[in-house]
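Residue-level listing of the chains:
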Amino acid sequence: MLASLLRAFCWTALAAAPLSASCSGAGGEAGAEARIERPDFPGEEAHRLVARQVAFGPRIPGTPGHQRQLDWMRAWLAERADTLEVQSFTSLTTYGESLNLTNLLARFHPGRPDRILLVAHWDTRPRADQSATPEEREQPVLGANDGASGTAVLLQLAELLARNPPPIGVDLLFVDGEDYGPSTADMFLGARYFAENKPADYKPLYGVLIDMIGDQQPRFPIEGYSSQAAPEVVHRVWSVAAELGYGDVFVQENAGSISDDHMPLNEGGIRTIDIIDFEYGPGNRFWHTPQDVLENTSPDGLEMVGEVLTELIFRGG
Ligand SMILES: [Zn+2]
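Because the structure is predicted, anything quoted here is derived from the model rather than measured.

The rules behind these values
- Residues numbered from 1 in each chain as written.
- Predicted model: local features only at pLDDT ≥ 70, side-chain atom pairs only at ≥ 80, totals over all residues.
- Helix = DSSP H or I, 4+ residues; strand = E, 2+ residues; numbered from the N terminus.
- Expected span 1.5 Å × (residues − 1).
- Buried ≥ 20, exposed ≤ 12 C-beta atoms within 10 Å, placed from the backbone.
- Arc of directions from axis to C-beta.
- Contact = placed C-beta atoms within 7 Å.
- Pairing = 2+ DSSP bridges.
- Axes fitted to C-alpha atoms, helices over the stretch in contact; angles between N-to-C directions.
- Parallel < 35°, antiparallel > 145°, perpendicular 65-115°, else oblique.
- Left-handed = near helix turned anticlockwise from the far one by under 90°.
- Nonpolar A, V, L, I, M, F, W, Y, C, P; charged D, E, K, R; others polar.
- Core = buried A, V, L, I, M, F, W, Y, C linked by C-beta atoms within 7 Å.

Brief notes about helix 3 (residues 64-80)
In this model helix 3 runs 25 Å from its N-terminal to its C-terminal C-alpha over 17 residues, within 8% of the 24 Å that 1.5 Å per residue would give. Considered for burial, the residues of helix 3 that qualify are Gly 65, His 66, Gln 69, Leu 70, Met 73 and Leu 77. For helix 3, the arc enclosing every buried residue in end-on projection is 130°, short of the 170-degree limit, so these residues lie on one face. Exposed positions of helix 3 whose direction lies more than 90 degrees from the buried face are Pro 64, Asp 71, Ala 75 and Glu 79. For helix 3, the secondary structure elements touched by its buried residues are helix 2 (43-55), strand 1 (83-92), strand 2 (98-108), helix 5 (148-163) and strand 4 (169-175).

Here it is, written out as structure tokens:
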């Protein structure tokens, strides 16, 4: 997309006139010279994977859309990862419902001790409980942003890493049952299960959770629980984002704490932060509503998050 073109232009400009070139165009490429030699992360292609997921319908545990998405992800990851681990489990909700859930762990260089863990949830919320009207509150959430955006970036990374083997081990974890709810007692189910059922001697350098990254005006302030649990990881990720020229989106601003999949992972001993946009649409009006649709998302945040994760991977963590 546009950012890639600007970057290409910046490299050319720097080579031609290293002392006078300025690369602070739209898309925030001011730090492009800090970028290491590595493949580009394609935001537009990742956004097409959001569209693929939304086309399955809502991905609520126990529904056909959930099964279709699972089958598709399994095939996609089996083709691209070095190994694919499938964690199938049953979770009993506080209302006595039995949910059949599945986490997928796609691994690159599974034997390497130096590795990082990247996480997104792939399920969607059964009811749009933040909607304005009682009728809408009974509808499911399609989850273009809340579910599909983070999943799309990790699926696109699987493609990128299949073509460009990383210099460290990378684990892509797709967790189920994040957004079942309605209360947090019945959320983060897949992350909780993974934290209790990790691969043997599993000690990644750190973990990065990505969630709600597809807003048309992406903005990622620092989430509170992340800076409490893993301040050095926050520093690392936000510094790399600034070096890539994304300092106006990965803002150095402390935001509130959000309960999310990173909490059980931290409790399970994996130092994990959350890259999350606190505002989906003006005033957060699309969050957990039937308006969480493809048309309200964009490739921009996907590309920036994908670029930051790719940079971290190819810098060695
Ligand atoms: Zn949600």
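Text resumes after the structure shown.
So, the environment of Tyr 95
Here Tyr 95 shows up in the loop between strand 1 and strand 2. For Tyr 95, a count of 8 C-beta atoms within 10 Å gives the class exposed. Each C-alpha atom, one on Tyr 95 and one on Asp 186, is 9.0 Å from the other, the two residues being 91 residues apart in sequence.

Considering the pairing of strand 4
Of all seven residues in strand 4, seven are buried; the element is thus mostly enclosed. Residues Gly 169, Asp 171, Leu 173 and Val 175 point to one face of strand 4 and Val 170, Leu 172 and Phe 174 to the other, with burial holding for every one of them. Bridge count for strand 2 against strand 4 is five bridges, and the pairing is antiparallel. In the sheet register, Ala 106 faces strand 4, and the bridge partner there is Leu 172. Across seven bridges, the pairing between strand 3 (residues 115-121) and strand 4 is parallel. Counted as the bridge partner of Leu 117 is Asp 171 from strand 4.

Some words on the sheet that holds strand 1
Taken together, six strands build an open sheet; the order of strands is 1-2-4-3-5-6 and the sheet is mixed. The open sheet has two edge strands with one neighbour each: strand 1 and strand 6 (272-276). When strand polarity is set aside, the average angle formed by the axes of neighbouring strands in this sheet is 20°. Pairing geometry for strand 5 (residues 207-211) and strand 6, over five bridges, is parallel. Paired with Val 208 across the bridge in strand 6 is Ile 273. Against the sheet, helix 5 engages strand 2, strand 3, strand 4 and strand 5, with an angle of about 140° to strand 3.

A few points about the packing of helix 8 (residues 231-243) against helix 10 (residues 299-314)
Helix 10 packs onto helix 8 with a crossing angle of 110° between their chain directions and a minimal axis gap of 10 Å. One element, helix 8, and the other, helix 10, form an angle in the roughly perpendicular class. For the pair helix 8 and helix 10, the sense of crossing is right-handed. Residues Val 237, Val 240 and Ala 241 of helix 8 pack against Val 308, Glu 311 and Leu 312 of helix 10. Looking at the contact of helix 8 with helix 10 residue by residue, the class counts come to five nonpolar, no polar and one charged.

What about the packing of helix 3 against helix 5?
Where helix 3 contacts helix 5, the axes come no closer than 9 Å and their chain directions differ by 20°. Comparing the axis directions of helix 3 and helix 5 gives the class roughly parallel. The handedness of the crossing between helix 3 and helix 5 comes out as left-handed. Between helix 3, through Met 73, Trp 76, Leu 77 and Arg 80, and helix 5, the contact on the second element is made entirely by Leu 155, Ala 158, Glu 159 and Ala 162. Of the residues belonging to the contact of helix 3 with helix 5, the class tally is six nonpolar, no polar and two charged.

Comments concerning the nonpolar core
Grouped together as the largest cluster of nonpolar side chains are 82 residues, with contacts concentrated most on Leu 118, Val 153, Val 237 and Val 308. The leading source of residues in this core is helix 5, at nine residues.

Here's the deal with helix 10
Across its 16 residues, helix 10 extends 22 Å between first and last C-alpha, which sits within 8% of the 22 Å expected from 1.5 Å per residue. Buried residues dominate helix 10, accounting for 14 of its 16 residues. Directly after helix 10, the chain includes Gly 316, whose backbone phi takes a positive value near 95°.

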